Structures are given as C-alpha cells and as structure tokens.
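Given next are the chains, with one letter for each unit.
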Amino acid sequence: MSSQQPTIIYTLTDEAPLLATASFLPIVRTFAASADVKVDTADISVANRILGEFPDFLTDEQKVPNTLAELGKKTLQADANIIKLPNISASQNQLIAAIRELQAKGYAIPDYPEAPKTEEEKALRARYAKCIGSAVNPVLREGNSDRRAPKAVKEYARKNPHSMAEWSQASRSHVSHMHHGDFYHGEKSITLDRARDVKMELITKSGKTLVLKQKVSLLDREVIDSMFMSKKALLEFYEREIEDARKTGVMFSLHVKATMMKVSHPIVFGHCVKIFYKEAFEKHAKLFEELGVNVNNGMANLYDKISTLPQSKQDEIKRDLHACHENRPELAMVDSAKGITNFHSPNDVIVDASMPAMIRNGGKMWDANGRLKDVKAVMPESTFARIYQEMINFCKWHGAFDPKTMGTVPNVGLMAQQAEEYGSHDKTFEITEDGVANITDLATGEVLLSENVEQGDIWRMCQVKDAAIRDWVKLAVNRARNSGMPVVFWLDAYRPHEAQLITKVKMYLHEHNTAGLDIQIMSQVRAMRYTLERVIRGQDTISATGNILRDYLTDLFPIMELGTSAKMLSIVPLMAGGGMYETGAGGSAPKHVQQLVEENHLRWDSLGEFLALAVSLEDLGLKTGNNKAKVLAKTLDAATGKLLDNNKGPSPKTGQLDNRGSQFYLAMYWAQALAAQTEEPELAAKYATLAKTLTDNEAAIVAELSAVQGQPADIGGYYKPDFDKLDKIMRPSATLNAALAAFAG
Ligand SMILES: NC(=O)C1=CN([C@@H]2O[C@H](COP(=O)(O)OP(=O)(O)OC[C@H]3O[C@@H](n4cnc5c(N)ncnc54)[C@H](OP(=O)(O)O)[C@@H]3O)[C@@H](O)[C@H]2O)C=CC1
Ligand SMILES: O=C(O)CCC(=O)C(=O)O
Ligand SMILES: [Mg+2]
C-alpha cells in the first residue's frame, strides 16, 4: 500500500456504496492520474474481513491479507490519505448470512458457533467476534471528527426543500428512557494521575474473584469511567413502558445501536423482546433453550430456530406469540408490507437513523397496515435519549423545521482513539453473579473505581485519552475561527464523565486564541434547546460533542436540513498528520441493493464521495506541493456545485437518472471545468477532448445508462459480489467507457 507516488487509498466496502464505487472508481482513477496521483484500493468489506481472519481454512489462492489491520496502521502515518465509504457493521444475522454465502462460493470457513461449548468453538467465536458490529470505524478513526453540510449543499437544500411532515401539538409521540438504574445513574469517573495498568474484576458475594479483563494499559491524564445498567431496573422499565403504551394507545418502538454497541445493546434489545412476549417465552422456555434461541438477535433468530420443528409445533409457538399481542401495544413496523416489526432484527432500527426518520415524519412510525401513527420511542439509556425528547418538544411547539430557512448545525466530535462508549466493547461484561465490580491497579492493588452489581447487570469501562480531548478542543476552536459560527460543547456537569471533560475543555481552551469567538458549555438538553432556538431563526451553531452524540447529531440535523446525511462532508483529520475522508454520515442503505438487483436502478447518492474526494485531493495537493491535484480539487468542487444546480442527483425512481447517470454528469462537468481553467494550462489542454466528447455524447450516454433499467441485475452475490459482473452492471455505457479509456491512453 505504500509508495513514493502520492496515493489516495479508496476503500471497497459493502452494499450500495460498493456498487457506486464500481462505477465511480474508474472515473476517479482516470482524473487522478492526470495529476500523477495514484489511487489504491483497500477491501474492508465484511466478506473480505472474514476471509482475512480465517487464512488457515483457505487455499493459497483464496487467502487475502488482513487489509483492515494494514489500513489501521496506515492511519498512523503522516501521509495517509484515505477515502472511507460506509461499510456494514454486521449484526450476528448478517454475519451468518455472509458466512453462508462465502461457504457456498467454495470458501471452507467454519460455521459460526452460536452457542459455543468446546474450547475450539469458543476460540472460533472469538475470531468471528472481530468481524461483528462496528469493527472497521474504530480501527480507522485515529482522529476526531469534523462533519458539516458544505455551503453549496445547504444552498441546494434551501432551494429544493425536501418534504417534511407536519407536527401537531396534540401529538402523543414521545421518548421514554430509564430514570434510574441505567448507565447514566451508575457512572463513576476519574482522570488518571499517572500511567497505570489496570484489570477489571468481579468479587462475587460467594467470595470468588473473577478477572474479566486481565489488563488495560492506561495513559497519564486519561479519563476512565465505570458504569453499569441494572437488569432488574431495565426489566421493570420495559414492563412499565409497554403497559403505558397499551393503556394510552400509542405504538411501541425500541431504538438502540446494536451494531455499534455490539456487546451491550443486543442484550438490552433481547430483554425487551422477552418481556414483550413474556407468556410465550415462559411457556416454551425449555424448548427455546434446547434450540438455542437467542432473541438478542431479534425475532428473526427465533423464527430461524423453530423452523426445524414439526409444523404443528411451529404453529403452536406462533399462536402463543400472537396471543401475547392481545395484551400488548401495537408494535411499530420496519416493513409493514413484509410484516417485519421493530423486533425482527436489531440492525433494522439503528437509532441515529431511525429517530430522525420518525421526527421527520411528524413523530410517527408505520403500523402493521402501513399507516403512520404516534409512537412511544423507547431508548433505555437516558444519557442521550433526552436530546430527542427535547427536539420533539420543540417541534410540537414550533411545528416542523423548514429546510428553506433553518440554520445549520455542523459537528466537531470527540472520536479519536476509540473514545468513550464506542470503544468499550472489549471492556463490557454481562455480570454472572452478584458482587462488587472493581477496576484495580495491577501494580498496587488500589481499587480505582468500584460498583455493586447484580447478576445480569451490564458493566463496562470507557476510556478517552487526554491527547484526543486536547485535539478535539483544538479542532472545535479551528472550526469556530474558520466558520465564524458559535460553538457549544454539549457536556452535562451532572454526569461524572462529562464533569471530567468540562475541566479539560476549560483547560485546553486556554491554549488557543479564542478572542472574538463564542464558545459555551451546556448540558445536552440546554444545548439542544439553545441550538434549535437559533436553527429556526436561520442561525448556525457548531455542536462539539462526545462520540455518541457525534453519531446521533450528524444524522439528526442533516436529515432535517438536507433530507439525508448522505450529503455531509465528513472529515477525520488524523492525529498523526494524515487525513481520512468519510463519505456522508449515514450507512450502507441495504434497501438500495435490493432495488438494483430487482430493477437495475441504483438510487444511492454519491455526493458524499464527490465531496470527500475534493478534500482528499486538496489535502494531497497542499501536502505534496502538487498544484495539479489542487486544481483537480477546485474543479471537482465546481463540478459538484453545477451538478446540484442542474439537479443531476440520482432519482429514487426506476427509469430516471440513477447513481451511474449522476456520476456521468459529475465527470462531464469536472472535465469541462478542467478544460476551462487557466491555472494549469497543461491540464486544460489535456481535458479539452474529453470534455468535448462527453458533452457531444451526453444524450447517447444518458440513453445507454437508462436503457438497462427495469430488468433484474445479477451481481453474483450480496456480501461478495462478482467484481466482473459488478463492473458490467455498473458501467453499462460503452460510449462513456470508451471516452475514459481514450483519455487514459
Ligand atoms: N460510516 C459507516 O460505515 C456507517 C455504517 N453503517 C452501517 O450501514 C448499514 C445500514 O445502516 P442504517 O443506518 O440502518 O441505514 P442507512 O443510513 O444505510 O440508510 C437509511 C436511509 O438513508 C438514506 N440514505 C443513506 N445514504 C444514502 C445515500 N448515499 N444516498 C441516498 N440515500 C441514502 C436511504 O433512504 P431511502 O431508502 O429513502 O433512499 C436509506 O434507506 C448497517 O450495517 C450500519 O451498521 C451505518 C452508519 C454509518
Ligand atoms: O461504525 C458504525 O457502525 C456506524 C458509524 C456511524 O453511524 C457514524 O459514524 O455515523
Ligand atoms: Mg451514524
């Protein structure tokens, strides 16, 4: 991956972004080469990550390097320039599907041991655990996060506002969270006085010492937290909220982030399903145990497991499950046409995307008959659930936001070095026995943090490094200076972890010239209120937040402002000096693949890729003194602006311009801008012919691209598509392909 020639590393991921890459990468390579910039790829798809983890099961020809680990190392080098597209953070269901597809393709990888018993099975499961959940982003995000809507994109949204459903003051939709016994209420936090190695251990009531984590090496001035969620309190909470929804006649929905919080949230999810269907689960407890039913992976797991039973038994179980509905509220649906409920699979309702969608819909979700209805949105962890309630309160009072006039809310997120909750998976445990959970200094035996816990509680330790916090404060000040916007640090002095952060933020702000800047610290609820008061007056406010709110707010505000988070500029200035440019702020849109496979139309909007590529080229140009790369960046931005002005984004409807057509327009505008500029005459001369060919053949190319639509498309797989087939499907215009090939020479 390393080379002397300035190089951009373009990731190959999964689902819709991978499809889009199949058509965009040849364009990128062609243009980059004209500035002597090389574009390498790094395949970090879930399929490739699985293969990289199991070389011992593969033939020599099938073996692949551990690309993710290599790319992780690259982020620590000053010349790193990486374009990172969204990838699948696989739930267990998705992992198993990927394994089955690979096995069917002749890769003799082992089955996923769902209920490992032997040491060998446990070892396999531990290896597969590396591929599950959010396994990519934490490895690559060696920097804090700068996400914003570029000016041209915001302007476009103002001129072409997306639909927003109305909000009624009589809406009964609301957010429910725990008021005691959750992580917020059980948190303890300290800032280290020196570097220490610690262990996490449970001293049980019966007198045993169970070491849950042998060693965590901590740095001087690092902030660590210990926190737990009480199982008892969680179950009581669910029981109460389910009953409340039934009594008051609103739908019930659960919103978690089981992909990212891959250890804790599947457990939180599973408890909810079991409480909802309590009678059926009690009646069939023994059978479910024998079958290895685990609804931490949703009802899909249960249906899968019972499918081996005789039909009469299956019918009985289904009847018993249905009978539970008699005494339960309606469940919000993910796909009412297919009968898929909110409980089907934990990766179907991902809170950062699901809550904004609900708020954009006037606080409603879909019922089983495909009607929109008021809903109770249950988010057990109170820490951040409140921000959504605050936004709902605001919408009830002021009505829906107006994309034509609303201000923008960029985010500066504390994300580097696996900051906070999103880095806690290897330090999260389901407690097996009542006792005391301690974080203890290995050298001195000193107990640094201690909690009384009970069987079933979820206990975890979070960390955030001092250098990451310091860099985050610097980034916030820089963004304030460059944008002229006020910055609000969303920090709650009543939360122990954030009280530590507030001290550090105040300290590190002194390192900067903040004269003339408006920088404030507010609790999340107040920060939301303050920001929204400004938003409806058309004023802009940067949110500087921790890692979870970075994730939540960078879907929430873009979805209100732009209709999607796909149009965000998402930069990770790497702490070692390099840059990673993420494309958009959302996910990998599995629905889009389905549409392509059924109708050969890809509605994925590559705007995020266009924006990311421009900053990547600009950064490369600046750092290597390559003026041609800088000109490529400038002209790409101009082309993107023109694309927006001319409404050449992809349409969701089959038969109209799709992702491929949109990319063609980008290439044409880019070539035209390069041919027209005077700063690099050599480039202008070079692009004159390409610009002319593309312009002259616009109608022919668009016709070729649209002719293929309406038919099924075979890409030879879901998790590991056949790259040759993908290339044919995603590059159907012979005229465009020939023009690019002729230019490349
Ligand atoms: N950075 C990363 O790597 C991230 C990865 N993920 C992963 O992605 C998967 C799905 O995530 P989830 O959050 O549920 O859903 P997505 O964010 O993928 O999709 C939600 C909806 O947003 C719209 N959308 C998102 N991106 C685009 C785009 N570029 N162009 C057009 N529309 C877009 C689509 O709406 P419509 O259907 O109306 O077109 C889509 O259905 C999961 O595996 C998740 O873990 C999630 C977040 C970030
Ligand atoms: O890594 C993931 O699973 C999701 C990341 C995400 O949602 C984000 O960064 O906005
Ligand atoms: Mg997100």
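Here the structure is a predicted model, which means the values were calculated and not measured. (Residues numbered from 1 in each chain as written. Chains lettered and ligands numbered in written order. Predicted model: local features only at pLDDT ≥ 70, side-chain atom pairs only at ≥ 80, totals over all residues. Heavy atoms only, no water.)

**Description of the coordination of the magnesium ion (ligand 3)**
Definition in use: Atoms of type N, O and S within 2.8 Å of a metal are treated as its donors, and for Na, K and Ca the window is 3.2 Å; water is not considered, so some sites may appear to be missing partners. Secondary structure elements are taken from DSSP: a helix is a run of H or I of four residues or more, a strand is a run of E of two residues or more, and numbering for both begins at the N terminus. For every residue, the accessible area (1.4 Å probe, protein chains only) is compared with the maximum for its type, and the residue is labelled buried under 20%, exposed over 50%, or partly exposed between those bounds.
Donor atoms from the polypeptide that bind the magnesium ion (ligand 3) are Asp-352 (OD) and Asp-551 (OD), placed at 2.0 to 2.2 Å. With Asp-352 in helix H14 (residues 351-360) and Asp-551 in helix H19 (residues 547-562), this pair connects stretches of sequence that are 199 residues apart. Side by side, Asp-352 and Asp-551 carry an identical accessibility label, which is buried.

**Here's the deal with the pattern of salt bridges**
As a reminder, the rule being used: Here, a salt bridge means any side-chain nitrogen of Lys or Arg that lies within 4 Å of a carboxyl oxygen of Asp or Glu.
According to the stated counting rule, one finds 60 salt bridges in the structure shown. In this structure, Lys-215 engages Asp-197 in a salt bridge whose closest nitrogen and oxygen atoms are separated by 3.8 Å. Of this pair, Lys-215 sits in strand E8 (residues 209-218) while Asp-197 is found in strand E7 (residues 196-204), placing the two residues 18 residues apart along the sequence. A relative accessible area of 48% places Lys-215 in the partly exposed class. Taking the shortest distance from any N to any O, the salt bridge between Arg-371 and Asp-367 comes out at 3.4 Å. We classify Arg-371 as partly exposed; its relative accessible area is 46%. The exposure class assigned to Asp-367 is buried, which follows from its relative accessible area of 0%. Taken together, the salt bridges that share partners define one network made up of Glu-53, Asp-56, Arg-127 and Lys-130.

**Quick notes on the sheet that holds strand E4 (residues 145-148)**
Put simply, the rule reads: Two strands form a pair only when DSSP identifies at least two bridges running between them. Inter-axis angles, ranging from 0 to 180 degrees, are taken between N-to-C directions of lines fitted to C-alpha atoms, where helices are fitted over the stretch in contact.
Spatially, ten strands are ordered E2-E1-E3-E24-E23-E4-E15-E22-E20-E21 in an open sheet, and the strand pairing comes out mixed. Both outer strands of the open sheet, strand E2 (38-43) and strand E21 (519-522), are each paired with one neighbouring strand and no more. Each neighbouring strand pair of the sheet contributes to a mean axis angle of 20°, computed without reference to strand direction.

**Brief notes about the packing of helix H1 (residues 15-33) against helix H20 (residues 590-599)**
Our working definition: Put simply, angles under 35 degrees are roughly parallel, angles over 145 are roughly antiparallel, angles from 65 to 115 are roughly perpendicular, and the rest are oblique. Contact definition: two residues touch when any of their heavy atoms are within 4.5 Å. Nonpolar residues are Ala, Val, Leu, Ile, Met, Phe, Trp, Tyr, Cys and Pro. Charged residues are Asp, Glu, Lys and Arg, and all others, Gly as well, are polar.
Following both chains from N to C, one finds H1 and H20 inclined at 55°, their axes separated by 6 Å at the closest point. The orientation of H1 with respect to H20, classified from their angle, is oblique. Here Glu-15, Ala-16 and Leu-19 of H1 lie close against H20, whose contacting residues are Pro-590, His-592, Val-593 and Leu-596. Split into classes, the residues belonging to the contact of H1 with H20 amount to five nonpolar, one polar and one charged.

**Focus on the site of ligand 2**
Inclusion rule: A single heavy atom is enough: if one lies within 4 Å of a molecule or strand, its residue is considered near that molecule or strand. Here a polar contact means two N or O atoms within 3.5 Å. Within protein one must be a hydrogen donor candidate and the other an acceptor candidate, and residues neighboring in sequence count only if both atoms are side-chain atoms. Method for areas: the Shrake-Rupley scheme with a 1.4 Å probe, in which residue coverage is limited to the protein chains shown.
Residues in close proximity to ligand 2 include Ser-89, Ser-134, Asn-137, Arg-141, Arg-147, Lys-257, Met-260, Asp-352, Arg-550, Asp-551 and Ala-585, which together make up its full environment. One of the side-chain nitrogen or oxygen atoms of Ser-89 is found 2.5 Å away from an oxygen atom of ligand 2. Burial of ligand 2 by the protein amounts to 90% of the accessible area it has alone, namely 290 Å².

**Notes on the state of the cysteines**
Spelled out, the test is: A pair of cysteine sulfur atoms is labelled a disulfide when the two atoms are within 2.5 Å.
With the rule as written, the count across this model stands at zero disulfides. The thiol sulfur of Cys-324 is not disulfide-bonded, and the nearest other cysteine sulfur, from Cys-272, lies at 13 Å. We classify Cys-324 as buried; its relative accessible area is 3%.

**Things to note about the sheet that holds strand E16 (residues 428-430)**
Reading across the sheet, the four strands line up as E6-E9-E19-E16 and stay open at both edges, with antiparallel pairing between neighbours. The sheet is open, and its two borders are formed by strand E6 (188-191) and E16, each paired with just one other strand. Within this sheet the neighbouring strands show an average axis-to-axis angle of 10°, counted without direction. In this sheet, strand E19 (residues 458-464) lies alongside strand E9 (residues 223-229) in antiparallel orientation, the contact comprising seven bridges. Bridge pairing in E19 places Met-227 opposite Arg-460.

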